[in-house]
Amino acid sequence: MELAEEGYFERTGVKLLGANPETIRKAEDRQAFRETMMAISEPIVPSGVVENIEDAVALAVEIGYPVIVRPAYTLGGTGGGIASDEAELRDITKNGLRYSRVGQVLIERCIAGWKEIEYEVMRDAKGNVITVCNMENLDPVGVHTGDSIVVAPSQTLCDKEYQMLRTSALNIITALGIEGGCNVQYALHPDSFEYAVIEVNPRVSRSSALASKATGYPIARVAAKIAVGYGLDEIQNAVTGQTCACFEPTLDYCVVKFPKWPFDKFVYATRTLGTQMKATGEVMAIAQSFESALMKAVRSAEINLQYLCIPRLATLSDNEIETLLSQCDDERVFVVAEALRRNISAQKIFEITKIDPWFTGRINNLISLERRLSSEKVDKALYDEAKRLGFPDKVIEKLSGQKAPSYRRASFKMVDTCAAEFEAQTPYYYSSWDEECEVRPSDKKKLIVFGSGPIRIGQGIEFDYCSVHCVWAARAAGYEAIIVNNNPETVSTDFDTSDRLYFEPLTPEDVRSIIEAERPDGAIVQFGGQTAIKLAAHMESMGVPILGTPAWSIDAAEDREIFDRILTRCEIERPAGDTVYTEDEAIAVANRLGYPVLVRPSYVLGGQGMDIAMSDEDVREFMGIINRVKQEHPVLVDKYLMGKEIEVDAICDGESILIPGIMEHIERAGVHSGDSISVYPPQNIPARHRDTIVEYTRRLAAELQVKGLVNIQFVLYNDKIYIIEVNPRSSRTVPFISKVTGVPMVDLATRCILGERLAELGFGTGLYPESDYVAVKVPVFSFEKLHNVDTHLGPEMKSTGEVLGIAKTFKEALYKGLLAAGMKLSTGGGVLLTVRDSDKQELVPIADRFSRLGFELFGTGGTAKNLNFHMIPCNAVRKSHEPEPNIINLLESGKIAYMISTSSKGRQPWRADVQIRRKAVERSIVCLTSLDTAGALAQALESGIKVADIEPVDVSTLSHITIK
């Protein structure tokens, strides 16, 4: 929109396809949207558009509290919220105006408690228009749809309501003139036919992905064809191969989307849900009933639950459960189930939660069956009923105390977009217990690839990239490739990515049914992250060989005693440490090693539960957090070496290795690799250490019998290379290093798994030649969405994504990466410095660089005193608990461009240093919690690069990548 508004497209003769700027403005600009809806007589919630705080306050008085604040041109409800009084309104509006691209927010009467309904609509240039799918949020208005449990198709609407909203959606997309896809969100009064249009997204959205996977109708593909001129009547339905895209899909099943939240990582985060999205991902389940789909979704979400029961809730009183019902958070559906177990009435639950009684009734069906399983003999009839409602055998056995009588396995039904009216051409399955319907496996050699489940911190889209490229390579090699996954946001769950797709939970029991139906020749688990790795141990009992690296190697890399023996044989050193199971053992080992120590649970991704302990108090806090997540699991306590971290992804064919590139982290060891800025090729690693890294990689790959991918993390400390950890599987850096080197890592790894040799694949062995340009991977965080989360970086990963900067020099690549990550790279203003005692001397040269760049320095007492002692001018500022004006006032003043903050204590939200870092997030101030990152930023700013100065790189020497 900014390019369009400044006339760039017009000057260069570029035409926007699908949605033109005026259409986008009418939908995204809050005032234009109101005017458009009123022009076509579509009801909207009483509201007004404001561009300053005082107007917002005046409008809220007129409308009446509570009000919803919705910034223009933002995603995921960023900057918005519900305000119950003037103080909250002023705070939320201030953020909303800052996040809005046009400095504009909508102040809207809060109608929390109404039903929230969505329609996915398609329109072409001829005026043909259809609804692809309608969806209903289990949670009422007031919870962002990305944080809601969503059901498709809608379950509680009568035909009159459905047709009323469908007609409205068709009118809206026509009035806006959209050519392609559109998402329309409605609020529907629970006791009348009154409705209001909440908002329209003139584009594909998160809901579009869900609607696509729920129906089998490829919304993005159809929208792209419409954009280049096709009509809906000219686009073939790729699923049936017989109908066209203007046929509205029909669903003869129920779909449930369940969000995946990061609260297992952010144990101190505020778990309350509202209009600002907090989920990092989601899962989708397909079944013949809502009950079964909900149970599948809970299993798919990987929250260590098999059914609607959180054991902790069973210990609470009825009054405590009623209190929890009034708190809208990530556990609400489980609280509703517990309330029904206590015989709290459905009417009372509705009055408190505004969740439609239809949903409560279906959840009660599950509770009723729980009671029957606990009190009756589990015969064939009861077992079949439990399976139809989605109960896995483990839960049936737990509730009944009897072994589940497995009379037959699950059968599979097909998603075909047309309720079996036409024969489907693409095999896209979900399990069912309602009737016998068998998969007919082919006679071809086939392998099964397990996907990575929901996107979460530590296991993101990178593993889906690996799974998809594995499938493509296997198909090219002549295998029939089968994918099992449950994430609607991914390419792996596109109906045409694999030969067969199973949309199922990734649990041993659910996978067993698929294996019994397909009888694959082997399974590949190394590309699906921890989700797939956890299934490796179950494959042998199912008679399916693991292709590639053997399962024992995965265990060996995590088992300290076995791994230590491997390192001894390989003559490789690692930081001293030990395995413990209790808090007392951890404290004893920490004191023997000497602080600081690294405390981490085994078998985790993304450093979950990992932290650096500086004292016995820290060990106690971290062990408590770990035991909450991974009870009775071994915990590793290692001496912390604060050296330079280096990372390698390698491919091994069982004998030879290929290392596409070595990556150097800007932040020292102690900041998780996923949160570190990573540089390729390394800028500060001497050749002799690179040679050592290559040799250590070769030895470990051979000892662990790696066939496929292996990821190894090293630390360079006191001029010596140590091993931090080895992961004999794919990693989150595989897409990064594949793209910047041109080595198709997953393709080569898959071919090695299937028996080929690296020497025959045209890329050689050893360390691949380095590129003549620099690539920098920069993490992206979502701290503004997660309240009370400390932004201080450590061994536990916090980033939710990453970006890539490529250039001829390190400084320019870093500048591009920081800019792409959303940092406001100011060249002037103030820098606020507040660091722990151990960092004060190291801060001196960094502060000097910022001072020489013309920044005004501010520092808390000890920091400012130390800088001034070293002749670096720094203004002293009072701490937050001291009289005003203090550090909080300074952060709110608009003078500060950057803050550098480190602390030696824990991450509890009530700590002063945590609170000032949170204040920086709220005020969109770049906050750096590693001196290495601060030094790199100063280096980028010293280069004098400006956005306007960045020229396209000469790509004449690069065959695989174009750099802009």
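This text follows the structure it describes.
Calculation rules
- Residues numbered from 1 in each chain as written.
- Predicted model: local features only at pLDDT ≥ 70, side-chain atom pairs only at ≥ 80, totals over all residues.
- Heavy atoms only, no water.
- Helix = DSSP H or I, 4+ residues; strand = E, 2+ residues; numbered from the N terminus.
- Buried < 20%, exposed > 50% of the residue type's maximum accessible area, 1.4 Å probe, protein only.
- Contact = heavy atoms within 4.5 Å.
- Areas by Shrake-Rupley, 256 points an atom, 1.4 Å probe, with all protein chains shown as cover.
- Lys, Arg positive; Asp, Glu negative; His and termini not counted.
- Charge placed at Lys NZ, Arg CZ, Asp CG, Glu CD.
- Axes fitted to C-alpha atoms, helices over the stretch in contact; angles between N-to-C directions.
- Left-handed = near helix turned anticlockwise from the far one by under 90°.
- Nonpolar A, V, L, I, M, F, W, Y, C, P; charged D, E, K, R; others polar.
- Pairing = 2+ DSSP bridges.
- Salt bridge = Lys/Arg side-chain N within 4 Å of Asp/Glu carboxyl O.
- Core = buried A, V, L, I, M, F, W, Y, C linked by side-chain atoms within 4.5 Å.
- Patch = residues over 30% accessible without salt bridge, like charges linked within 9 Å, V, L, I, M, F, W, Y side chains within 5 Å.
- Parallel < 35°, antiparallel > 145°, perpendicular 65-115°, else oblique.
- Phe/Tyr/Trp six-rings, centres within 6.5 Å; stacked < 30°, edge-to-face > 60°.
- Lys NZ or Arg CZ within 6 Å of the ring centre and 35° of its normal.
- Disulfide = S-S within 2.5 Å.
- Expected span 1.5 Å × (residues − 1).
- Polar contact = N/O pair within 3.5 Å; in protein donor to acceptor, adjacent residues only side chain to side chain.
- Arc of directions from axis to C-beta.

A. Structural detail: the overall build of the protein chain. For the protein chain, the helix and strand inventory stands at 32 helices and 34 strands. For the C-alpha atoms alone, the extent of the protein chain along its principal axes is close to 75 × 70 × 65 Å. Out of the 964 residues belonging to the protein chain, those deemed buried represent 60%. In the protein chain, 69% of the contacts between residues at least 6 apart in sequence involve partners at least 24 apart. For the protein chain, the computed accessible surface area is about 36,600 Å², with 49% contributed by carbon and sulfur atoms. Counting 105 positive and 133 negative side-chain charges, the protein chain places the centres of these two groups 2 Å from one another.

B. Focus on the packing of helix H18 (residues 508-518) against helix H19 (residues 529-539). The N-to-C vectors of H18 and H19 enclose an angle of 65 degrees; their axes lie 11 Å apart at closest approach. Seen from above, H18 lies across H19 with right-handed handedness. Contacts between H18 and H19 pair Pro508, Val511 and Ile515 from the former with Leu535, His538 and Met539 from the latter. Residues that form the contact of H18 with H19 fall into these classes: five nonpolar, one polar and no charged.

C. Spatial organisation of the side chain of Ser205. Mapped onto the fold, Ser205 is located in the loop between strand S9 (195-201) and helix H8 (206-215). Among all residues touching Ser205, those that are not within four sequence positions of it are Glu120 and Asn183.

D. Local environment of the environment of Ile44. Among the structural elements, Ile44 can be located in the loop between helix H4 (30-39) and strand S1 (47-50). For the pair Ile44 and Ala476, spaced 432 residues apart in sequence, the C-alpha to C-alpha distance is 53 Å. In contact with Ile44, not counting residues within four places along its chain, are Arg34, Met37, Met38, Ala196 and Val197.

E. Summary view of the sheet that holds strand S14 (residues 446-450). Sheet architecture is open: six strands sit in the order S12-S13-S16-S15-S14-S17, paired in mixed fashion. Two strands lie at the open edges of the sheet, namely strand S12 (411-414) and strand S17 (522-524), each paired on one side alone. Within this sheet the neighbouring strands show an average axis-to-axis angle of 30 degrees, counted without direction.

F. Structural detail: the pattern of salt bridges. Across all of its chains, the model carries 61 salt bridges by this definition. Between Asp494 and Lys213 there is a salt bridge, with its nearest N and O atoms 3.1 Å apart. Highlighted residues: Asp494 in the loop between strand S15 (480-485) and strand S16 (500-503) and Lys213 in helix H8, separated in sequence by 281 residues. Relative accessible area serves as the criterion here: at 28%, Asp494 is assigned to the partly exposed category. A cluster of three or more residues bridged by salt bridges with shared partners is formed by Asp91, Glu892, Lys919, Glu922 and Arg923.

G. Region of the structure containing the nonpolar core. In this structure, Phe258, Phe334, Leu373 and Phe391 are the most contacted members of the largest nonpolar core, which totals 69 residues. Counting residues per element, the ones that place at least two in this core are strand S10 (254-260), strand S11 (281-287), helix H10 (290-300), helix H11 (318-325), helix H12 (332-341), helix H14 (357-375), helix H15 (380-388) and helix H16 (393-400). Tallying contributions element by element places H12 first for this core, with seven residues. Residue contacts for Phe258: discarding those within four places in its chain leaves Ile149, Glu282, Val283, Leu294, Ala297, Val298, Ala301, Ile303, Val333 and Phe334.

H. Representation of a nonpolar patch on the surface. Nonpolar side chains collect at one region of the surface, where Leu17, Val228 and Tyr230 lie side by side and expose about 310 Å² of accessible area between them. Among the structural elements, Leu17 can be located in the loop between helix H2 (8-12) and helix H3 (21-28). For Leu17, a relative accessible area of 47% translates into the label partly exposed.

I. Region of interest: the packing of helix H17 (residues 461-476) against helix H26 (residues 745-753). At a minimum axis separation of 8 Å, H17 and H26 run at an interaxial angle of 55 degrees. By the angle between their axes, H17 is oblique relative to H26. The interaxial crossing formed by H17 with H26 has right-handed handedness. The segment H17 lies against H26, with Tyr465, Cys466, His469, Cys470, Ala473 and Ala474 engaging Val746, Asp747 and Thr750. The residue makeup of the contact of H17 with H26, split by class, is six nonpolar, two polar and one charged.

J. Quick peek at the packing of aromatic side chains. By the definition in use, this model includes 19 aromatic pairs. Taken together, the ring pairs in this structure connect Tyr119, Tyr162, Tyr186 and Tyr195 into an aromatic cluster. Looking at Arg98, its charged tip hangs above the ring of Tyr99, at a distance of 5.4 Å from the centre. Looking at Lys387, its charged tip hangs above the ring of Trp433, at a distance of 5.3 Å from the centre.

K. A look at the sheet that holds strand S4 (residues 105-109). As summarised here, the arrangement of the four strands in space is S1-S4-S2-S3, forming an open sheet in which the pairing is antiparallel. Either end of the sheet is taken by a strand with one partner, and the two such strands are S1 and strand S3 (81-83). In this sheet, neighbouring strand axes are inclined to one another by 25 degrees on average, regardless of whether the strands run parallel or antiparallel. Judged from the three bridges that link them, strand S2 (residues 67-71) and S3 form a sheet pairing that is antiparallel. Residue pairing across strands places Ile68 opposite Ile82, the latter belonging to S3.

L. Structural view of the state of the cysteines. With the rule as written, the count across this model stands at zero disulfides. Of all cysteine sulfurs, the one in Cys133 lies closest to Cys182, which takes part in no disulfide; the gap is 14 Å. By relative accessible area, Cys182 is classed as buried at 0%.

M. Representation of the side chain of Thr93 within the structure. With respect to the secondary-structure elements, Thr93 resides in helix H6 (residues 86-99). The buried category is assigned to Thr93, whose relative accessible area is 0%. Discounting residues that sit within four places of it in the chain, Thr93 has contacts with Ile53, Ala56, Val69, Val105 and Ile107.

N. Focus on the pairing of strand S23 (residues 657-668). Burial within S23 is extensive, with eleven of its twelve residues counted as buried. Across seven bridges, strand S22 (residues 644-653) lies against S23 in antiparallel orientation. Counterpart to Glu647 in the pairing with S23 is Met663. Linking S22 to S23, which pair antiparallel, is a turn of three residues; within it Gly654 sits at a positive phi near 105 degrees. Two elements, S23 and strand S27 (residues 766-767), share two bridges in a ladder whose sense is parallel. Of the residues in S27, the one forming a bridge with Ile659 is Leu767. When S23 meets strand S24 (residues 678-680), the two strands line up antiparallel, connected through two bridges. Its bridge partner lying in S24, Glu664 is registered against Val679.

O. The arrangement of H6 in detail. With 14 residues, H6 extends 20 Å between its outermost C-alpha atoms, agreeing within 8% with the 20 Å of an ideal straight helix rising 1.5 Å per residue. Inspection of H6 places Leu89, Ile92, Thr93, Asn95, Gly96 and Leu97 among the buried residues, and these make up the whole buried set. Here the buried face of H6 lies against S1, helix H5 (53-63), S2, S3, S4 and helix H31 (912-922). A side-chain oxygen of the first residue of H6 lies 3.2 Å from the backbone nitrogen of Ala87; this N-cap is Asp85.

P. Examining helix H29 (residues 861-869) more closely. Buried residues of H29: Thr863, Ala864, Asn866 and Leu867, and no others. The buried residues of H29 occupy one face: seen down the axis, they fall within an arc of 165 degrees. For H29, the exposed residues set more than 90 degrees away from the buried face come down to Lys865 and Phe869. Buried residues along H29 sit against strand S30 (830-834), helix H28 (840-852), strand S31 (856-860) and strand S32 (875-877). Residue Met871 follows H29 closely and has a positive phi angle near 65 degrees.

Q. Focus on the environment of Thr353. With respect to the helices, strands and loops of the structure, Thr353 is situated in helix H13 (residues 346-353). Linking Thr353 and Gln327, residues 26 residues apart in sequence, is a C-alpha distance of 8.5 Å. With residues up to four places along the chain from it excluded, the contact list for Thr353 reads Pro140, Leu325 and Arg332. One polar contact links the side chain of Thr353 to the main-chain amide nitrogen of Ile355, over a distance of 3.1 Å.

R. Structural view of the environment of Gly829. Locating Gly829 in the fold gives a position in the loop between helix H27 (810-820) and S30. With 67 residues separating them along the chain, Gly829 and Ile896 place their C-alpha atoms 6.0 Å apart. Those residues in contact with Gly829, other than ones at most four positions away along the chain, are Phe855, Glu856 and Lys895.

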